[in-house]
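Now for the letters of each chain:
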Amino acid sequence: MTRQQQPHTPYDSARRIIPTQRNLHFNVPAEQIASWNNHSMHLSHFLNSLSIFFPVGERFFIDSVRNYRDAIADPDLKRAVKAFIGQEAMHGREHEQYNEALFRRVPAARAMEKMVDRLLRLVQKLPKSSQLSTTIALEHFTAILADALLNEPRILENAEPHYARLWIWHALEETEHKSVAFDVWLAVRGRGPLAYLQRSMGLIVATIIFWAIAIPFYLRILGHERQLSNARGWREILRYAFGEIGVLRKLVRPWADYFRPSFHPWDHDNQHQLARLKSLTNELERVA
Ligand SMILES: [Fe+2]
Ligand SMILES: [Fe+2]
């Protein structure tokens, strides 16, 4: 039997990257929560809307992977899982502080976070494999978004440096650990047709539900700021999302790569970005 035909040959271990847990603090200035990105509420609050999902989302990812910790025999994958949990816990901690700034500015955002938490608790009533398929779908989504952020300097071009560093750090660590949950999936579910169907459905459902929640959050926050009729703000965010810069437009193809039966997160080889982790940690030491 060739390597390809083995149903449970889980992953190409030569491509395995073991992430490193970093205990870093970003101390984002709370008073700039609505204007930190290019002095634009539309840009700042778009990323703030995403941040609402992180602390509860990362806890959900940790639990989904932890469910299978004892089922993993490969010592490297065990180490990678431990570091994955450590990294997501740090992201949660830093985004909690970030979100507190948002909750002070837009009190309704606290209820939004609670709503995401309730939804994820419902998902936790599903079988463990459904929880993990949701996690690997959202990790794929996060990884391609992170890659877009790292590749497109205009997204954070005029951002307040503490906020910019936090987003870059999160994007780099999401890149560093992007295959961990997926490798756990391959180790416990393999590449059979049922597993393929389940992970593909996971991405479709997760994407629909994510945007069905995130867009109303964004609109409610802009409404609170009385920015819904700001045509200049809309032009700016549309240019970033779908127009000339087109971050979301460019995500369609990497998003769809997930449906290739042989897909693995490192098929999108952006390892070179990880070299930036060193300069980022040096920069944090300098400003501490
Ligand atoms: Fe994260
Ligand atoms: Fe992650």
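Since the model is a prediction, treat every value here as computed from it, not as a measurement. (Residues numbered from 1 in each chain as written. Chains lettered and ligands numbered in written order. Predicted model: local features only at pLDDT ≥ 70, side-chain atom pairs only at ≥ 80, totals over all residues. Heavy atoms only, no water.)

## Digging into the coordination of the iron ion (ligand 2)
A metal bound by six donors in octahedral fashion has ideal angles of 90 or 180 degrees, whereas one bound by four tetrahedral donors has an ideal angle of 109.5 degrees. Within the protein, the atoms that donate to the iron ion (ligand 2) are E88 (OE), E139 (OE), E139 (OE), E174 (OE), E174 (OE) and H177 (NE2), at distances of 2.0 to 2.7 Å. Every donor counted, the six donor atoms about the iron ion (ligand 2) form angles of 51 to 153° at the centre, which fits irregular coordination. In this structure the iron ion (ligand 1) is found 3.8 Å away from the iron ion (ligand 2), and E88 serves as a bridging donor for the pair. Here the residue E88 occupies a position in helix 2 (residues 75-105), and E174 occupies one in helix 5 (residues 161-176), the gap between them amounting to 86 residues. Overall, E88 belongs to the buried group, its relative accessible area being 1%. (Donors = N, O, S within 2.8 Å, 3.2 Å for Na, K, Ca; no water. Tetrahedral: all angles 85-135°; square planar, octahedral: opposite > 155°, others 65-115°. Helix = DSSP H or I, 4+ residues; strand = E, 2+ residues; numbered from the N terminus. Buried < 20%, exposed > 50% of the residue type's maximum accessible area, 1.4 Å probe, protein only.)

## Here's the deal with the coordination of the iron ion (ligand 1)
Only E58 (OE), E88 (OE), H91 (ND1), H170 (NE2) and E174 (OE) from the protein coordinate the iron ion (ligand 1), and they sit 2.0 to 2.4 Å from it. The sequence motif formed by the donor residues of the iron ion (ligand 1) is E-x29-E-x2-H-x78-H-x3-E. Judged by its relative accessible area of 2%, E174 falls in the buried class.

## Some thoughts on the packing of helix 2 against helix 3 (residues 108-123)
The description of two packed helices rests on the angle between their axes and on the distance between the axes. Across the interface, helix 2 lies against helix 3 with an axial gap of 6 Å and an inter-helix angle of 130°. The orientation of helix 2 relative to helix 3 falls into the category oblique. Packed against helix 2, whose contacting residues are N99, E100, L102 and F103, the element helix 3 presents A109, R110 and E113 at the interface. (Axes fitted to C-alpha atoms, helices over the stretch in contact; angles between N-to-C directions. Parallel < 35°, antiparallel > 145°, perpendicular 65-115°, else oblique. Contact = heavy atoms within 4.5 Å.)

## With respect to helix 8 (residues 231-241)
Every buried residue of helix 8 is accounted for by G233, E236, I237, Y240 and A241. Buried residues of helix 8, viewed axially, fall in a sector of 125°; they line one side. Those residues of helix 8 that are exposed and aimed more than 90 degrees away from the buried face are R232 and R235. The N-cap of helix 8, judged by a side-chain oxygen 3.1 Å from the amide nitrogen of R232 a few residues on, is N230. (Arc of directions from axis to C-beta. Polar contact = N/O pair within 3.5 Å; in protein donor to acceptor, adjacent residues only side chain to side chain.)

## Some thoughts on the pattern of salt bridges
Under the defined criterion, the tally for this structure stands at 14 salt bridges. Linking E225 and R105 is a salt bridge whose minimum nitrogen-to-oxygen distance equals 2.8 Å. Of this pair, E225 sits in the loop between helix 7 (193-224) and helix 8 while R105 sits in helix 2; the two residues are 120 residues apart in sequence, bridging distant segments of the chain. Residue D267 is joined to R260 by a salt bridge in which the shortest nitrogen-to-oxygen separation is 3.0 Å. By relative accessible area, which is 30% here, D267 ends up partly exposed. On the accessibility criterion, R260 (35% relative accessible area) is partly exposed. Shared partners join several salt bridges into a network, and the residues in it are E152, R154, R239 and E244. (Salt bridge = Lys/Arg side-chain N within 4 Å of Asp/Glu carboxyl O.)

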